[in-house]
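# Commentary on secondary and tertiary structure
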Amino acid sequence: MNCSCIQKAFDRRWFPTCIALLAMVFYASTVWGQEVEVRARIERDTILIGDQLNYIQEVTQDRNIRVWFPEYADTLTDRIEILERSKRDTAYLDNDLLAIRQSYLITSFDSGTYEIPEQPFRVESAAFEEVVFSNPLSLKVFSMEIDTTRAIYDIKMPYTAPIRFSDIWPYVLIALLAGMVVFLVWK
């Protein structure tokens, strides 16, 4: 067996290079060992105009990492509105991992297909700082179909309410009093 590779590693010229390579491998393993996974999802990918659905952002991370969620005013994109946002829900997982979930109730009042772009999450630890992006999503908004061949009609026909004694007793009382007054005047 030829051991020239091992001999070169311990040679004075190659030794600093091997140490530098080992240091980079161990440094990269500590940085990449800190796990951050970001996912975005919606309950359905199609809705009618004005329907509401949940847009959910989920982060799985090491406990020693800080992750900042994106901040939104009242819109997710120019055509998708945020109606309400939930509090962040945190769960502790095995292997020193955290799962953080935030839900947004969203709607749209324009028909069409809208892209929810990748959302930036800022990640920071003692060793590094970076931005991680969620996956992009697509939402299709349909409008109500209108049959223009039919005439305009009521959705539900009007109905008459039944007449009860409680509805007519004031009129009966007034008629009896008027009849008594007429009878007394005549008598």
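Everything below is about the structure shown above.
Across the sheet, 3 strands lie side by side as β4-β9-β10; this open sheet has antiparallel pairing. In this open sheet, the two edge strands, each paired with only one partner strand, are β4 (66-68) and β10 (129-133). Pairs of neighbouring strands in the sheet enclose a mean axial angle of 25 degrees, with direction left out of account. As paired elements, β4 and strand β9 (residues 120-124) share 3 bridges and run antiparallel to each other. The residue bridging Val67 from the neighbouring strand is Val123, located in β9.

Moving on, we come to the nonpolar core. By size, the foremost hydrophobic cluster in this structure holds 16 residues, and its most contacted members are Ile42, Tyr55, Leu76, Ile80, Ile106, Ile116 and Leu139. Looking at which element gives the most residues to this core, the answer is strand β11 (residues 137-142), with 3 residues. Setting aside chain neighbours within four positions, we find Leu76 in contact with Tyr55, Ile82, Ile106 and Ile116.

Turning our eyes to something else, we now look at the environment of Ile49. One can find Ile49 in the loop between β2 (46-48) and β3 (52-62). Residues Ile49 and Thr107, spaced 58 residues apart in sequence, show a C-alpha to C-alpha distance of 7.8 Å. Apart from residues lying up to four places away in sequence, Ile49 is in contact with Ser108, Phe109, Asp110, Ser111, Val141, Phe142 and Ser143.

A separate point is the pattern of salt bridges. Here the structure, examined in full by the defined rule, presents 9 salt bridges. Between Arg88 and Glu71 there is a salt bridge whose closest N-O contact spans 3.9 Å. Pair noted here: Arg88 is in the loop between β5 (81-85) and β6 (89-93) and Glu71 is in the loop between β4 and β5, with a separation of 17 residues, a long-range link. With a relative accessible area of 40%, Arg88 lands in the partly exposed category. For the salt bridge of Glu124 with Arg122, the shortest nitrogen-to-oxygen distance reads 3.6 Å.

Mapped onto the secondary structure, Gln119 falls in the loop between β8 (112-116) and β9. Among the polar contacts made by the side chain of Gln119, one reaches the side chain of Tyr72 at a distance of 2.8 Å. Gln119 has contacts with Tyr55, Gln57, Pro70, Tyr72, Val132, Phe133 and Ser134, leaving out every residue within four places of it along the chain.

Within the open sheet, the 3 strands sit side by side as β2-β11-β8. Their pairing is mixed. The open sheet has two edge strands with one neighbour each: β2 and β8. Averaged over neighbouring strand pairs, the angle between their axes works out to 25 degrees when direction is ignored. Of the strand pairs in this sheet, β8 and β11 are connected by 5 bridges, and their pairing is antiparallel.

Criteria and thresholds
- Residues numbered from 1 in each chain as written.
- Predicted model: local features only at pLDDT ≥ 70, side-chain atom pairs only at ≥ 80, totals over all residues.
- Heavy atoms only, no water.
- Pairing = 2+ DSSP bridges.
- Helix = DSSP H or I, 4+ residues; strand = E, 2+ residues; numbered from the N terminus.
- Axes fitted to C-alpha atoms, helices over the stretch in contact; angles between N-to-C directions.
- Core = buried A, V, L, I, M, F, W, Y, C linked by side-chain atoms within 4.5 Å.
- Buried < 20%, exposed > 50% of the residue type's maximum accessible area, 1.4 Å probe, protein only.
- Contact = heavy atoms within 4.5 Å.
- Salt bridge = Lys/Arg side-chain N within 4 Å of Asp/Glu carboxyl O.
- Polar contact = N/O pair within 3.5 Å; in protein donor to acceptor, adjacent residues only side chain to side chain.

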